[in-house]
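Fold and contact review
Here is what each chain is made of, one letter per residue.
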Amino acid sequence: MTFSSPFAADQPAHPLDYWISPERARISPPNAPSRLRQLADAQGALAAAWSSAIGCGPVLVLGGGFVSVMSGNPAGALVLGLLGAALFVLGVFFWRRDPGDGLAGARFISS
């Protein structure tokens, strides 16, 4: 499946084979910064952030339940439970929303 954009600025200057060719790998040093590495780092950071939100949500709900049981006051379960549920729902929503092409991270890097 290919996507063709009508805008010339969206078209790459070179095909992907040009950028991943072994000849180009010998020219540039392995630790040289590149836009592809920046996009991959940004995509990984966003995926890690939303994944941690998904993981911390149930921990907050369980923590609220523990505080409520230990103190006998249901306010802990209510407050931490609602925060945990909201964190979980937002994490799942944004984790699924990220297309995985790195463009979401490109907005953060370019600003």
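Everything that follows concerns the structure shown earlier in this document.
I will try to describe carefully the structure that is included in this document. (Residues numbered from 1 in each chain as written. Predicted model: local features only at pLDDT ≥ 70, side-chain atom pairs only at ≥ 80, totals over all residues. Heavy atoms only, no water.)

Here the focus is the overall build of the chain. Helix and strand counts for the chain stand at 5 helices and 0 strands. Seen in sequence order, the chain has helices and strands lined up from the N terminus as α-α-α-α-α. Per-residue burial for the chain yields a buried fraction of 16% across its 111 residues. Intrachain contacts of the chain at a sequence separation of at least 6 include 64% that bridge at least 24 residues. (Helix = DSSP H or I, 4+ residues; strand = E, 2+ residues; numbered from the N terminus. Buried < 20%, exposed > 50% of the residue type's maximum accessible area, 1.4 Å probe, protein only. Contact = heavy atoms within 4.5 Å.)

The next subject is the packing of helix H3 (residues 35-71) against helix H4 (residues 75-97). Where H3 meets H4, the closest approach of the two axes is 7 Å, and the angle between their N-to-C directions is 165 degrees. Classified by the interaxial angle, the pair formed by H3 and H4 is roughly antiparallel. For H3 against H4, the interelement crossing comes out left-handed. Among the residues making up the contact of H3 with H4, the classes are represented as 19 nonpolar, 10 polar and no charged. (Axes fitted to C-alpha atoms, helices over the stretch in contact; angles between N-to-C directions. Parallel < 35°, antiparallel > 145°, perpendicular 65-115°, else oblique. Left-handed = near helix turned anticlockwise from the far one by under 90°. Nonpolar A, V, L, I, M, F, W, Y, C, P; charged D, E, K, R; others polar.)

Enumeration over the complete set of coordinates arrives at 2 aromatic pairs. Their ring planes at 20 degrees and their centres at 4.7 Å tell us that Trp 50 and Phe 94 sit as a pair that is stacked. On the criterion of sequence distance, the pair formed by Trp 50 in helix H3 and Phe 94 in helix H4 is long-range, its members being 44 residues apart. Measuring from centroid to centroid gives 5.0 Å for Phe 93 and Phe 94, while their planes differ by 75 degrees, and the two rings are edge-to-face. (Phe/Tyr/Trp six-rings, centres within 6.5 Å; stacked < 30°, edge-to-face > 60°.)

Attention now goes to the side chain of Ser 68. With respect to the helices, strands and loops of the structure, Ser 68 is situated in helix H3. Of the residues examined, Ser 68 reaches a relative accessible area of 15% and is grouped as buried. When near neighbours in sequence (up to four residues on either side) are disregarded, Ser 68 contacts Asn 73, Pro 74 and Ala 77.

The terminal C-alpha atoms of H4, which comprises 23 residues, lie 33 Å apart, in line with the 33 Å expected from a rise of 1.5 Å per residue. Listed as buried for H4 are Gly 76, Gly 81, Gly 84 and Gly 91. Looking at the buried residues of H4, the elements they touch are H3. (Expected span 1.5 Å × (residues − 1).)

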